[in-house]
Amino acid sequence: MLAKDIMTRDIIMVRPSMTVKQLAMLLIKNQISGAPVAAEDGKIVGVVSEADILAKKGRQVKGIMSTKVVSVNEETAVEEIAKLMSTHKIKRLPVMRENKIVGIVSRADIVSAIALGKHIAIHTPVYDL
């Protein structure tokens with residue numbers, strides 16, 4: 001199973017200039033725990049999550065976002081995605097096609113695939129994701 005098989009294609013992205021309050025409202029409204037941060041040209045410049053809101057101080061997304069973006073492509077195996085999440089201690093990975101975001105894979109996407117009986121040979125315990 002590959003990223004393209006389980007990724008969420010309807011991506012909610014935020015801008016670096018968005019206020020933390022607007023971000024919090026967006027996350028709650030859409031029932032998500034984080035989102036990629038895109039510059040005006042659409043380039044991914046970071047990722048922001050509920051954890052960033054709680055742990056970091058700042059008035060805008062650009063002040064609290066994580067700028068180290070770990071991403072995968074559509075052909076990345078789910079097992080590799082799970083390994084990356086565990087290694088980097090992250091909960092979501094943007095899925096890229098030629099520098100353009102086409103989806104996002106979260107821990108919930110992997111857990112859903114397992115719950116639906118999809119064969120995924122994860123060597124890392126799921127609870128460690």
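So, a few notes on the structure that sits alongside this text. Since we're looking at a predicted model, the values are computed, not measured.

Criteria and cut-off values
- Residues numbered from 1 in each chain as written.
- Predicted model: local features only at pLDDT ≥ 70, side-chain atom pairs only at ≥ 80, totals over all residues.
- Heavy atoms only, no water.
- Helix = DSSP H or I, 4+ residues; strand = E, 2+ residues; numbered from the N terminus.
- Buried < 20%, exposed > 50% of the residue type's maximum accessible area, 1.4 Å probe, protein only.
- Pairing = 2+ DSSP bridges.
- Arc of directions from axis to C-beta.
- Contact = heavy atoms within 4.5 Å.
- Polar contact = N/O pair within 3.5 Å; in protein donor to acceptor, adjacent residues only side chain to side chain.
- Core = buried A, V, L, I, M, F, W, Y, C linked by side-chain atoms within 4.5 Å.

This next bit is on the environment of Lys-100. Take Lys-100: it is sitting in strand E5 (residues 100-106). The class for Lys-100 is exposed, based on a relative accessible area of 56%. Distance from Lys-100 to Thr-67, taken between C-alpha atoms, is 17 Å for residues 33 residues apart in sequence.

Let us look at the sheet that holds E5. With mixed pairing, the 3 strands of this open sheet are ordered in space as E3-E4-E5. Of all the strands in the sheet, the pair left with one neighbour each is strand E3 (72-73) and E5. Pairing of E3 with strand E4 (residues 92-97) involves 2 bridges; the strand directions are parallel. Within E4, the position partnered with Asn-73 by the bridge is Met-96.

Turning next to unusual backbone geometry. Positive phi values are uncommon outside glycine, yet Gln-31 reaches one of about 50 degrees. Structurally, Gln-31 is set in the loop between helix H2 (20-30) and strand E1 (34-38). Classification of Gln-31 by relative accessible area gives exposed; the value is 75%. Backbone geometry places Asn-99, a non-glycine residue, at a positive phi of 65 degrees. Within the element layout of this structure, Asn-99 appears in the loop between E4 and E5. Overall, the relative accessible area of 73% leaves Asn-99 in the exposed class.

So, about H2. When we look at burial in H2, the residues that qualify are Val-20, Leu-23 and Leu-27. When H2 is viewed along its axis, its buried side chains cluster within an angular range of 55 degrees and face the same direction. Every exposed residue of H2 that faces more than 90 degrees away from the buried side is listed here: Lys-21, Met-25, Ile-28 and Lys-29. Those residues of H2 hidden inside the fold are in contact with E1, strand E2 (44-49), helix H3 (50-55) and helix H4 (61-64). Two residues or fewer after H2 comes Gln-31, characterised by a positive phi angle close to 50 degrees.

Let's shift gears to the side chain of Thr-76. The residue Thr-76 is located in the loop between E3 and helix H5 (78-88) in this model. Overall, Thr-76 belongs to the buried group, its relative accessible area being 13%. Looking at Thr-76, its side chain comes within polar contact range of the main-chain oxygen of Asn-73, at 3.1 Å. The residues contacting Thr-76, other than those within four sequence positions of it, are Met-1, Leu-2, Ala-3 and Ile-81.

Another point: the nonpolar core. Note that soluble globular proteins tend to have their nonpolar side chains buried in a common cluster. If you look at the biggest cluster of nonpolar residues, it comprises 16 residues, and the most contacted ones within it are Val-72, Ile-81, Leu-93, Val-95, Val-105 and Ile-110. Taken together, the elements giving at least two residues each to this core come down to helix H1 (3-6), H5, E4, E5 and helix H6 (107-115). For Val-72, the contacting residues outside a window of four places in its chain are Ala-3, Ile-81, Leu-84, Leu-93, Pro-94, Val-95 and Met-96. Membership of the second largest hydrophobic core comes to 11 residues, among which are Val-14, Met-18, Val-37 and Ile-64.

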